[in-house]
Amino acid sequence: MKILVLGGDGYLGWPTAMYFSRLGHDVMAVDNFVKRRIEIEEGIEPLEPLLTLHRRIALWEATTGHKIRLAVGDLLNHRMVYDLLEHFTPDAIIHYAEQPSAPYSMESRDKAVFTQHNNVIGTLNLLFAMKRHCPEAHLIKLGTMGEYGTPNIDIEEGYITITHNGRVDTLPFPKQPGSFYHLSKVHDSANILFACRTWGLRATDLNQGVVYGIETDETKLKPGLHTAFHYDAVFGTVLNRFCVQAVAGAPLTVYGSGGQTRGFLNIRDTIQCVDLATQNPADIGECRVYNQLTEVFSVLELTKLVEVAGKKLGIEVRIDHIANPRVEKEEHYYNPKHTKLIDLGLKPHLLSDVLVEQMIGHIQTVRDQINLSTFKPTIKWREK
Ligand code: USQ
């Protein structure tokens, strides 16, 4: 297949590009490096320094003999997107190319506008370019479980069948996102559904939970092929942060009571799910939605798991309940359905299998690179 990986420089995009390339697909990675610009702006960097995408692609080819094509470009530039789709004519488009940080989107008006403009208009340009040049290509779009928020009912996979005043319909599941970033994904989902219904495009919207993990089969092949692993308060997700904090001997930063409960998955399972979606394309005119998570934990449950794992490596883990910088429910019901990807064949990697050696153990080997000053969250959802 011809597979376009949008956001090919990122935490998930780079391992995805290598994975499909190794399977023998014709892969083109696209990126505008905006995340690297935000890193500089915010004074943060991945735990281990990252080679440029150009050098990683060259290293990949030298190591495996497989090629990855590279296009440097911005989805906001619609001419670039049209050209790309006209000339590459992808069978599948895997779309990670969005500003992924909820805190960043809540930092200021400018950053909220940037996030929504970048994410929503970039995706809209892509939909128009697909309509023009490859209407039968399958769009695999990374959405987020955060689109649903934390309703007091079970979360269905994308759609819910409702009986109202004696009539029945199946409708998009209600959305209650918790940041301008999560809202950008809600807007994307609405635009994608509309484009499928109206133009007959086909898409799979993957509502992904919080991703953790450092390595995949491909990143391990050679030093230098690793992916961008963040633990700062802007790009670092909660479990990745806790593992680094534990190794640094700093207290784990629990926001508020720690009863916040989310769906989680290993980075290897992101790739497995994207692969399953690619192998099982939506029908023409269909917008499929899968909830992409494998396990559910509260923040406090994560601290306990990190504490037990740390002990095995001689680390004593401390916990600090700090004032919650976000506006979110700290105690709530949470029961998201997530059977559709399992039905397609997903075999989850469990947190307990990787926490000790592949996460905390690995971080110990690069302990001296940890920047302690990026643990504390500085962006607040609402000034008190
Ligand atoms: N949290 C802490 N301490 C920390 C960091 C986070 O208690 O040091 C809490 C947060 O308050 C929140 C939960 O952990 O309740 C998850 O926070 P997170 O930063 O790991 O995840 P979030 O901001 O929701 O965003 C991340 C990714 C985003 C993706 C989303 C999936 O950055 O791209 O869409 O996870 S989900 O959370 O399911 O919406």
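Rules behind the numbers
Residues numbered from 1 in each chain as written. Predicted model: local features only at pLDDT ≥ 70, side-chain atom pairs only at ≥ 80, totals over all residues. Heavy atoms only, no water. Phe/Tyr/Trp six-rings, centres within 6.5 Å; stacked < 30°, edge-to-face > 60°. Buried < 20%, exposed > 50% of the residue type's maximum accessible area, 1.4 Å probe, protein only. Lys NZ or Arg CZ within 6 Å of the ring centre and 35° of its normal. Near = heavy atom within 4 Å. Polar contact = N/O pair within 3.5 Å; in protein donor to acceptor, adjacent residues only side chain to side chain. Helix = DSSP H or I, 4+ residues; strand = E, 2+ residues; numbered from the N terminus. Nonpolar A, V, L, I, M, F, W, Y, C, P; charged D, E, K, R; others polar. Pairing = 2+ DSSP bridges. Salt bridge = Lys/Arg side-chain N within 4 Å of Asp/Glu carboxyl O. Expected span 1.5 Å × (residues − 1). Arc of directions from axis to C-beta. Axes fitted to C-alpha atoms, helices over the stretch in contact; angles between N-to-C directions. Contact = heavy atoms within 4.5 Å.

### Regarding the packing of aromatic side chains
Here the distance between the centres and the angle between the planes together describe a pair of aromatic rings.
Logical step 1: Summed over the entire model, instances satisfying the criterion amount to six aromatic pairs.
Logical step 2: Here the aromatic rings of Tyr19 and Phe20 are separated by 5.2 Å at their centres, their planes lie at 85°, and the arrangement is edge-to-face.
Logical step 3: Accessibility expressed as a relative area gives 18% for Tyr19, which makes it buried.
Logical step 4: Taking the relative accessible area as the measure of exposure, Phe20 reaches 1% and is therefore buried.
Logical step 5: Here the basic side chain of Lys2 rests over the ring of Phe88, its NZ or CZ set 5.5 Å away from the ring centre.

### Details of the site of the ligand
Logical step 1: Taken together, 22 residues sit near the ligand, with Thr144, Tyr181, Val238, Thr253 and Glu328 positioned nearest.
Logical step 2: In the environment of the ligand, an oxygen atom lies 2.7 Å from a nitrogen or oxygen atom belonging to the backbone of Val238.
Logical step 3: The separation between a nitrogen atom of the ligand and a polar main-chain atom of Thr253 is 2.6 Å.
Logical step 4: If you list the elements that add at least two residues to the shell around the ligand, you get α7 (180–199), α8 (238–248) and β10 (252–255).
Logical step 5: Here the residues of the shell around the ligand sort into 10 nonpolar, eight polar and four charged.

### Brief notes about the pairing of strand β12 (residues 287–292)
Logical step 1: Of all six residues making up β12, six are buried, and the element is well covered by its neighbours.
Logical step 2: Where burial is concerned, the two faces of β12 agree: the one with Cys287, Val289 and Asn291 and the one with Arg288, Tyr290 and Gln292 are both buried.
Logical step 3: Alignment of strand β8 (residues 202–208) against β12, held across six bridges, turns out to be parallel. Counted as the bridge partner of Asn207 is Asn291 from β12.

### Details of the pattern of salt bridges
Logical step 1: This model, assessed by the stated rule, comprises 19 salt bridges.
Logical step 2: Here Asp110 and Arg109 are joined by a salt bridge, their closest N and O atoms 2.8 Å apart.
Logical step 3: With a shortest N-O distance of 3.1 Å, Glu286 and Arg288 are connected by a salt bridge.
Logical step 4: Looking at Glu286, the relative accessible area reads 26%, which means it is partly exposed.
Logical step 5: Of the residues examined, Arg288 reaches a relative accessible area of 19% and is grouped as buried.
Logical step 6: Residues joined in a network through salt bridges with shared partners are Arg37, Glu41, Glu42, Glu107 and Lys111.

### Here's the deal with unusual backbone geometry
Logical step 1: The phi angle at Phe33 is positive, at roughly 65°, despite the residue not being glycine.
Logical step 2: When you line up the elements, Phe33 lands in the loop between β2 (26–31) and α2 (34–42).
Logical step 3: Even without a glycine there, the phi angle at Thr89 is positive, about 40°.
Logical step 4: Relative to the assigned elements, Thr89 resides in the loop between α4 (78–88) and β4 (92–95).

### Quick look at helix α3 (residues 53–64)
Logical step 1: Relative to the 16 Å expected for 12 residues at 1.5 Å per residue, α3 spans 16 Å between its end C-alpha atoms, a close match to the ideal helical length.
Logical step 2: Here α3 has its buried residues at Leu53, Arg56, Ile57 and Trp60. The buried residues of α3 occupy an angular sector of 100° when the element is viewed end-on, so they sit on one face. Of the residues in α3, the exposed ones pointing more than 90 degrees away from the buried face are Arg55 and Ala62.
Logical step 3: After α3 finishes, the residue Gly65 shows a positive phi value of roughly 80°.

### Here we look at helix α12 (residues 351–365)
Logical step 1: Between its first and last C-alpha, α12 extends 20 Å over 15 residues, near the 21 Å set by a 1.5 Å rise per residue.
Logical step 2: Of the positions making up α12, those classed as buried are Leu351, Val354, Leu355, Val356, Met359, Ile360, Gly361 and Ile363.

### Digging into the sheet that holds strand β5 (residues 138–144)
Logical step 1: On the basis of which strands lie adjacent, the open sheet formed by seven strands has the order β3-β2-β1-β4-β5-β8-β12 and parallel pairing. The open sheet terminates on both sides in strands that have one partner only, identified here as β3 (69–72) and β12. The average undirected angle you get between the axes of adjacent strands in this sheet is 20°.
Logical step 2: Bridge analysis of strand β1 (residues 2–6) against β2 gives five bridges, and the strand direction is parallel. Its bridge partner lying in β2, Leu4 is registered against Met28.
Logical step 3: Set on the sheet, α7 makes contact with β5, β8 and β12; between it and β5 the angle comes to about 150°.

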